[in-house]
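Understanding the architecture of this molecule
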Amino acid sequence: MTPAADNRLRRPLAQAFAEVPAAWREVTDPFLASAPGQALVSFVDQRVRDAAVVYPDRVFRALELTAPQQVRVVILGQDPYHGAGQAQGLAFSVAPGQKKLPPSLRNMLKEVQADTGAASICRDDLTPWARQGVLLLNSALTVEDGAPQSHAGRGWELLSDALLAFVAARAEPSVFMLWGASAQRKRPLVEHGAKHLVLAANHPSPLSALRPPVPFLGCRHFSRANAFLDAQRPGVEPIRW
């Protein structure tokens with residue numbers, strides 16, 4: 001593994017929490033101070049001390065790139081990619097230069113092109129979306145190498161749920177894209193009357209992307225999001241997908 005591709009978490013998790021941008025600290029600080037927050041920190045730090053390979057190194061990159069007041073779209077993932085050099089702290093996104101894209105990301109970029117009539121501005125790294133106000137948030141923010149969902153149920157979901165509720169309560173009219181059953185269980189957190197648009201479909205994984213009841217491929221969520229934002233926020237540039 002080259003240094004550029006080494007995305008392992010090495011520092012204490014509390015240090016990552018300390019570097020969360022101030023605008024998000026209203027949510028992350030109380031969680032860190034709570035019993036579940038302290039238990040999560042202890043668990044992740046112990047796994048690192050035990051020489052487990054934990055990803056990613058920039059745990060809160062989604063919060064670093066997209067401030068609460070900038071959020072226009074939220075895309076909710078499950079947990080980071082569990083392969084070397086992939087996860088970078090943004091849901092569904094991988095570090096630049098990957099030889100083979102994860103299948104879910106491939107289907108997302110395929111749907112962008114089919115939906116909007118133009119190729120995505122992204123090939124692998126979804127940072128350009130995040131910089132336009134797309135919050136790419138996973139439910140669990142760390143994972144171990146080769147072991148998907150290995151840090152699920154350890155407390156991360158309490159934090160990601162709080163972040164979702166925080167955004168839904170404070171953001172201007174926004175779009176929440178909930179793909180798959182796990183994400184769709186979060187719907188009660190983000191429904192605030194008719195303020196936001198909630199778009200639900202199957203997960204973009206090849207295992208479900210074409211299945212009923214709402215296939216991901218053909219869902220047209222990207223153009224529907226821009227149409228909603230254009231109607232609710234006149235004069236604001238559409239998201240360049």
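Here we take up the pattern of salt bridges. With the rule as written, the count across this model stands at twelve salt bridges. In this structure, the salt-bridge partner of D6 is R10, at a minimum N-O distance of 2.8 Å. D6 sits in the buried class, given a relative accessible area of 18%. According to the relative accessible area criterion, R10 is exposed, its value standing at 53%.

With parallel pairing, the four strands of this open sheet are ordered in space as 3-2-5-6. Edge positions in the open sheet fall to strand 3 (134–138) and strand 6 (197–201), since each of these has one partner strand only. Direction aside, neighbouring strands of the sheet carry axes that sit 20° apart on average. In this structure, strand 2 (residues 73–77) lies alongside strand 3, joined through five bridges in parallel fashion. Bridge assignment links V74 to a residue of strand 3, and that residue is L135. Contacts between helix 7 (residues 156–170) and the sheet are confined to strand 2, strand 3 and strand 5 (175–179), with strand 3 contributing the most and set at about 155° to the helix. Across the sheet, helix 10 (residues 221–232) is in contact with strand 2, strand 5 and strand 6; its angle to strand 5 comes to roughly 160°.

The next thing to look at is the packing of aromatic side chains. Counted by the stated rule, this structure contains eleven aromatic pairs. Their ring planes at 50° and their centres at 6.0 Å tell us that W24 and F166 sit as a pair that is tilted. You can see W24 sitting in the loop between helix 1 (13–18) and helix 2 (25–33) and its partner F166 sitting in helix 7, a full 142 residues away along the chain. In terms of burial, W24 and F166 fall into one category: buried. An angle of 70° between the planes, with centres 6.0 Å apart, marks the rings of F60 and W156 as edge-to-face. On the criterion of sequence distance, the pair formed by F60 in the loop between strand 1 (54–55) and helix 4 (61–65) and W156 in helix 7 is long-range, its members being 96 residues apart. There is no split in this pair, since F60 and W156 are both buried. Grouping aromatic residues by their ring pairs yields a cluster made of F92, W129, W179, F216, F222 and W241. Just above the ring of F43 sits the side chain of R154; from NZ or CZ to the centre is 4.0 Å.

For D124, the location among the structural elements is in the loop between helix 5 (103–116) and helix 6 (127–130). A polar atom in the side chain of D124 sits 3.1 Å from the backbone nitrogen of G97. Sequence-distant contacts of D124, that is, excluding residues within four places in its chain, are made with S93, V94, A95, P96, G97, Q98, L101 and L105.

Our focus in this paragraph is helix 5. The end-to-end C-alpha distance of helix 5, which contains 14 residues, comes to 20 Å, matching closely the 20 Å that a straight helix rising 1.5 Å per residue would cover. Among all positions of helix 5, only S104, L105, N107, M108, L109, E111, V112 and D115 are buried. Against helix 6, strand 5 and helix 10 lie the buried residues of helix 5. G117 lies just past helix 5 and shows a positive phi near 80°.

Another point: empty space enclosed by the protein. Taken as a whole, this structure holds two cavities of 30 Å³ or more when the rule is applied. The volume enclosed by the largest cavity comes to roughly 60 Å³. Lining the largest cavity, in full, are P56, V59, F60, A62, L63, P80, G89, L90, L136, L137, N138 and L141. At the level of secondary structure, the elements contributing two or more residues to the lining of the largest cavity comprise helix 4 and strand 3. A per-element tally of the lining of the largest cavity places strand 3 first, with three residues. Split by residue class, the lining of the largest cavity holds ten nonpolar, two polar and no charged. Considered as a void within the structure, the second largest cavity measures approximately 30 Å³ in volume. What lines the second largest cavity is simply R11, A16, E19, V20, V59, F60 and E64.

What counts, and where the lines are drawn
- Residues numbered from 1 in each chain as written.
- Predicted model: local features only at pLDDT ≥ 70, side-chain atom pairs only at ≥ 80, totals over all residues.
- Heavy atoms only, no water.
- Salt bridge = Lys/Arg side-chain N within 4 Å of Asp/Glu carboxyl O.
- Buried < 20%, exposed > 50% of the residue type's maximum accessible area, 1.4 Å probe, protein only.
- Pairing = 2+ DSSP bridges.
- Helix = DSSP H or I, 4+ residues; strand = E, 2+ residues; numbered from the N terminus.
- Axes fitted to C-alpha atoms, helices over the stretch in contact; angles between N-to-C directions.
- Contact = heavy atoms within 4.5 Å.
- Phe/Tyr/Trp six-rings, centres within 6.5 Å; stacked < 30°, edge-to-face > 60°.
- Lys NZ or Arg CZ within 6 Å of the ring centre and 35° of its normal.
- Polar contact = N/O pair within 3.5 Å; in protein donor to acceptor, adjacent residues only side chain to side chain.
- Expected span 1.5 Å × (residues − 1).
- 1 Å grid on protein atoms, 1.4 Å probe; cavity = no way out; pocket = protein on both sides within 12 Å on 5 of 7 lines; lining within 4 Å.
- Points joined across faces, edges and corners; volume = space filled by probe spheres on them.
- Nonpolar A, V, L, I, M, F, W, Y, C, P; charged D, E, K, R; others polar.

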